[in-house]
Amino acid sequence: MAPKWRELPHFYCWGLNPSSGDLEKSPHSDPDPWDVPHRNRRSWVWNQFFVLEEYTGNEPLYVGKLHSDVDKGDGKVKYVLSGEGATSIFTIDENTGDIHATKRLDREAQAYYTLQAQAVDRLTNLPVEPRSEFVVKVQDINDNEPKFPDGPYLAGVPEMSPLGTMVVQVVATDADDPTYGNSARVVYSIEHGHPYFSVEPKTGVIRTALPNMDRETRDQYVLVIQAKDMVGQMGGLSGTTSVTVTLTDVNDNPPRFAHKNYQYTVLESLLVQSVVARIKAVDADIGSNAEMDYRIMDGDGPGMFNITTDEDTQDGVIMLLKPLDFETKSSFSLRIEATNRNIDSNFLNLGPFSDTTSVKVTVEDVNEPPVFSTPLSKMVVSEDAKVGTSIGRVSAHDPDNSNSPIRYSIDRNTDLERFFNVDALSGVISTAKPLDREANSVHNLTIFAIENDPTQIGKGITLITVQDINDNAPVFAIDYETLLCENAIPGQVIQTISAVDKDEPLSGHRFYFALAGPAAGNLNFTLRDNKDNTASILTKRGGFRRREQPVYRLPVLIVDSGSPALSSTNTLSVRVCDCDSDGVALSCGAVAYTATGLSTGALLAILGCIITLLVMVLLIVTMRRRRKEPLILEEERDIRENIVRYDDEGGGEEDTEAFDMVTLRNLNVIRDPNVRRDFIWERLKDADVDPSAPPYDSLQTYAFEGSGSVAESLSSLESLSTDSDQNYDYLSNWGPRFKKLADLYGNSDSTTVLS
């Protein structure tokens, strides 16, 4: 299509001759018969130019023509073009002034071009006209379809919304010139989505076209929206986008149980806080609109069950709160309600938002172990109770309807030393060994109640407290080391003593102190009872001398307040020491005797003799050792040729460390098969609880050698226990290093204190 171009009328201008100041007629103007002032015409004749975009012709597109009145057509004037797109897009014929576009133009890329035109003298290249500026405007055509820059769209609208509820607004843009024609004027229409939604043609607002759309029936719709330019007329360009509309949930559905009655069966052995059953009320809503709370409205067995909501699944979880007992109650009936937690007041007319159901729980019987009447039994026994004394009785029963017989036994892991026995039929607990409260004051026994067919074992705890008797005499609290200075004065306290007693009387300890026997009237020391379970040892005189007697042994009698009272005599050793002026001991014990009158030379001679004797002894010992060395080295001997002989006598029938021979010697008892079986059973249980037994099955053999030898023992090991006339009192004079031997073997008497 050829561009339309028209030439505007010529403009004429008046010019003033600057040299004369008079108006001068342009040489290019027409002659005037009257000599009057006149206007000069403008030298340029040209037009504002337009060019259509997207020209597809093969020849350059003619844009327009420039002409100057100075140009007389003689070829002396040349036209020059400069500015945007000059030479690259726009060309000018320098002779005629014709302008052409050599490339396709796109208005959306650039809407206009600003150029400059000038007429110059072809020979001198000097301007014959001032430079002028003009515009080439690209004229729009409808070559761009509408587009949705934000598409595709995602939108949501609550279900059950009323008719005409706004969902979302879509916007399409058109790159064509909105000021020229209808190329950029867009209208909207819905191509897919009827009859559920509509779109406003001018604004693009999408609204619901049906009321009360239900999410539970259909929760998502995909719409196709079209935008068309040219105001929707034929020939216009169009574009589409998709809009995905999701119906969001509202609480418009109440919870409903699938059944009106549920039945569950549980074992009576079910543990407390265990799950009995799970029930669920179905709610078609989702999220918080489907959250619900369960409660037990009524039922028998109050406090037996509880129901909570599993927040992940919205199940009602029935929990057991108390132990079940088939023999007491074999079934329970509950009425349970489920209620929506978040109710929307806009949809109360669709309620009620709760539902109820009935649940029956049947308890199934199991064979239960025996049950003790008292799970924890407490008993008391005196420390001096004889073997076989009855302490108390435990009782258990079979909770099942069968009421099977029960046998009792003690878990020997809780009574390793077998202090107690329990009668298998009656449950009476008695002592099996003498008791010692000081060794173990409380015995914690586990009692088994055993039911057969099938075997069931119940356990009970029995605490046996051993009551104290006064069976321990008081003794010194510590081993006292009493030092007595030679310069001590009469009445001086040299030691404060106290006592301890393994017994624990209810009223507490009260000890009484006194000097024992003949020591009560000695002239050296006295004892003062402080009445606070302590006593003080005081001197009666002064002038003690180590040389005369280095050690005094003072027997102290300590009596407790028990019934009957017990006493013991404890020996307090008092050593005489050389002390400084502050009473600090410098040296204690016996003083070595030093002969007076010996000169230094004599002492050196004696020392030399002693050294000579020691050298001779060492030489003799060395010679004896050399004589005993064998001709063949020790490592060269063949150990297989050695005979090792041991002269130790075995214990024989008197050796009772490995096995209890008393039972084996009772031949009459062993012959009884029942007793023999009990004996082997007891030995088996001993082996089971023996911590030193091997961790595998082993064979133990019990044999009876005889009733003893008339020759009795030939061992010399018992010689230490025989009476001897040997006197070891001299050990007391050997100094403090032999004090312990002197205390063990010496015969101390009160004469030492009295001397």
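Keep in mind the model is a prediction, meaning the values are calculated, not measured.

A. The arrangement of the sheet that holds strand β4 (residues 49-52) in detail. Judged by pairing direction, the sheet is mixed, and its 4 strands sit side by side in the order β4-β11-β10-β7 without closing on themselves. Across the chains shown, the open sheet's two edge strands, defined by having one partner strand only, are β4 and β7 (77-83). Between one strand axis and the next, the sheet turns through 30° on average, direction left out of account.

B. Representation of the side chain of Asp-355 in the model. By the secondary structure assignment, Asp-355 is in strand β27 (residues 354-364). With relative accessibility at 9%, the residue Asp-355 sits in the buried group. In this structure the side chain of Asp-355 is engaged in a polar contact, spanning 2.8 Å, whose partner is the backbone nitrogen of Phe-257. Within polar-contact distance, the side chain of Asp-355 engages the side chain of Lys-260 at 3.0 Å. With sequence-adjacent residues up to four places away left out, Asp-355 is seen in contact with Pro-255, Arg-256, Phe-257, Lys-260, Ile-336, Glu-337 and Ala-338.

C. How the structure looks around the UniProt feature "transmembrane region" (unreviewed entry) in the protein. Within this numbering scheme, the UniProt entry marks residues 602-621 as carrying the feature "transmembrane region" (unreviewed entry). Taken end to end, residues 602-621 is 100% helix and 0% strand, and its first and last C-alpha atoms sit 29 Å apart.

D. Inspection of the sheet that holds strand β18 (residues 238-248) at higher detail. On the basis of which strands lie adjacent, the open sheet formed by 4 strands has the order β12-β18-β17-β14 and mixed pairing. In this open sheet, the two strands that pair with only one neighbour each are β12 (153-158) and β14 (187-192). With strand direction ignored, the average angle separating the axes of adjacent strands in the sheet is 35°. Summarising the sheet, β12 and β18 pair through 6 bridges and their orientation is parallel. Looking at β18, one finds that Gly-156 is bridged to Thr-246.

E. Representation of the pattern of salt bridges within the structure. Scanning the model with the defined rule gives 20 salt bridges in all. Ionic pairing is found between Lys-65 and Asp-98, a salt bridge with its closest N-O pair at 3.2 Å. Pair noted here: Lys-65 is in strand β5 (residues 61-65) and Asp-98 is in strand β9 (residues 98-101), with a separation of 33 residues, a long-range link. Take Asp-98: its relative accessible area is 18%, and that puts it in the buried class. Salt-bridge contacts for Arg-207 lead to Glu-200; the nearest nitrogen and oxygen are separated by 3.0 Å. Here Arg-207 falls in the partly exposed class, since its relative accessible area comes to 28%. Accessibility expressed as a relative area gives 29% for Glu-200, which makes it partly exposed. Ionic contacts of the salt-bridge type, sharing partners, join the residues Glu-291, Asp-293, Glu-311 and Arg-341 into one network.

The rules behind each value
- Residues numbered from 1 in each chain as written.
- Predicted model: local features only at pLDDT ≥ 70, side-chain atom pairs only at ≥ 80, totals over all residues.
- Heavy atoms only, no water.
- Pairing = 2+ DSSP bridges.
- Helix = DSSP H or I, 4+ residues; strand = E, 2+ residues; numbered from the N terminus.
- Axes fitted to C-alpha atoms, helices over the stretch in contact; angles between N-to-C directions.
- Buried < 20%, exposed > 50% of the residue type's maximum accessible area, 1.4 Å probe, protein only.
- Polar contact = N/O pair within 3.5 Å; in protein donor to acceptor, adjacent residues only side chain to side chain.
- Contact = heavy atoms within 4.5 Å.
- UniProt positions renumbered as here; feature names shortened; annotations may be inferred.
- Salt bridge = Lys/Arg side-chain N within 4 Å of Asp/Glu carboxyl O.

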